[in-house]
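# Coordinate analysis (summary)
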Amino acid sequence: IRAVARGSYPAINVGTTADGVDVYVFAAGIDQEQLELSIQQNLLTISGVCKPVQPEGSKAYLHERFSGNFQRSLSLPEDIDPDSASAKYSNGVLHISLRRKAEAQPRKIQVN
């Protein structure tokens, strides 16, 4: 799994276990209807729109928050099952859970 340079938007944390991969996308203030996820050839793509937060008719004195379209792509391990992907958005954090393929799971073999 490759990471990108600091300052990329949105910030992403990725963790792995023997069972799968968990991706946490820190997308505070983004409407979940504006988020789009896709997986193609072990590449997870997260895209969306971050709308500016500013009252109508006002001018920005200081503008540090990103606004506009964004897209992030992450390479996933080869043994991830794309059909197992699930996503939940809560409190500004998008959690994407991906499980490993059954044949990639450790298997215990009984000795007779």
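The preceding data block contains the structure.
Described below are features of the structure shown in this document. No experiment lies behind these values; they were computed from the predicted model shown. (Residues numbered from 1 in each chain as written. Predicted model: local features only at pLDDT ≥ 70, side-chain atom pairs only at ≥ 80, totals over all residues. Heavy atoms only, no water.)

## Structural notes on the side chain of Asp 22
Selection criterion: Only runs of H or I of at least four residues qualify as helices and only runs of E of at least two qualify as strands under DSSP, and these elements are numbered from the N terminus. The definition of a polar contact used here is a pair of N or O atoms within 3.5 Å, where within protein one atom must be able to donate a hydrogen and the other to accept one, and adjacent residues in sequence count solely through side-chain atom pairs. Contacts are assigned to residue pairs with any non-hydrogen atoms lying within 4.5 Å of each other.
Its place among the elements puts Asp 22 in strand 2 (residues 20-26). Separated by 3.5 Å, the side chains of Asp 22 and Ser 97 make a polar contact. Here Arg 99 takes part through its side chain, which lies 3.3 Å from a polar atom of the side chain of Asp 22. Beyond its immediate sequence surroundings of up to four residues, Asp 22 is in contact with Asn 13, Val 14, Gly 15, His 95, Ile 96, Ser 97 and Arg 99.

## Section: the pairing of strand 4 (residues 43-50)
Rules: For the exposure calls, accessible area comes from a 1.4 Å probe over protein chains only, and a residue counts as buried if that area is under 20% of its type's maximum, exposed if over 50%, partly exposed in between. When DSSP locates at least two bridges between a pair of strands, those strands are taken to pair.
Counting buried residues in strand 4 gives six out of eight residues, a clear majority hidden from the surface. As judged from the six bridges shared by strand 3 (residues 35-40) and strand 4, these two strands associate in the antiparallel manner. Bridging from a neighbouring strand, Leu 37 pairs with Ile 46 of strand 4. Between strand 3 and the antiparallel strand that follows it, strand 4, lie two residues; Gln 41 among them carries a positive phi value of about 50°. With eight bridges joining them, strand 4 and strand 5 (residues 68-75) adopt antiparallel strand pairing. When the sheet's bridge partners are listed, Thr 45 is paired in strand 5 with Ser 73.

## Section: the pattern of salt bridges
Convention followed: One speaks of a salt bridge when a side-chain nitrogen belonging to Lys or Arg is within 4 Å of a carboxyl oxygen belonging to Asp or Glu.
Applying the stated criterion across every chain yields a total of two salt bridges. In this structure, Asp 79 and Arg 100 form a salt bridge, with 2.8 Å as the shortest nitrogen-oxygen distance. Here Asp 79, found in the loop between strand 5 and strand 6 (86-90), pairs with Arg 100, found in the segment after strand 7 (93-99); they are 21 residues apart in sequence, far enough to count as distant. By relative accessible area, Asp 79 is classed as partly exposed at 22%. On the basis of relative accessibility, which here comes to 15%, the residue Arg 100 falls in the buried class.

## Brief notes about the sheet that holds strand 7
Basically, it comes down to this: Convention adopted: a line fitted to C-alpha atoms gives each axis, helices being fitted over their contacting stretch, and angles between N-to-C directions are expressed from 0 to 180 degrees.
Within the open sheet, the four strands sit side by side as 1-2-7-6. Their pairing is antiparallel. Of all strands in the sheet, those bounded by a partner on one side alone are strand 1 (11-16) and strand 6. Taking the axes of each pair of neighbouring strands and ignoring which way they run, one obtains an average angle of 15° across the sheet. Looking at chain direction, strand 6 and strand 7 are connected through five bridges and run antiparallel. In the sheet register, Lys 88 faces strand 7, and the bridge partner there is His 95.

## Let's talk about the sheet that holds strand 3
An order of 3-4-5 is seen for the three strands of this open sheet, with the pairing classed as antiparallel. What marks the edges here is a single partner per strand, and that holds for strand 3 and strand 5. The sheet shows a mean angle of 15° between the axes of neighbouring strands, taken without regard to direction.

## Some remarks on the packing of aromatic side chains
Rule in force here: Ring geometry is summarised as follows: Phe, Tyr and Trp rings, the Trp one being its six-membered ring, pair when their centres sit within 6.5 Å, and such pairs are stacked at plane angles under 30 degrees, edge-to-face over 60 and tilted between the two.
Taken as a whole and judged by the stated rule, the model has one aromatic pair. Residues Tyr 9 and Phe 70 carry aromatic rings whose centres are separated by 5.4 Å and whose planes lie at 85° to one another, so their mutual orientation is edge-to-face. Of this pair, Tyr 9 sits in the segment before strand 1 while Phe 70 sits in strand 5, and the two are 61 residues apart along the sequence. Here Tyr 9 falls in the partly exposed class, since its relative accessible area comes to 22%.

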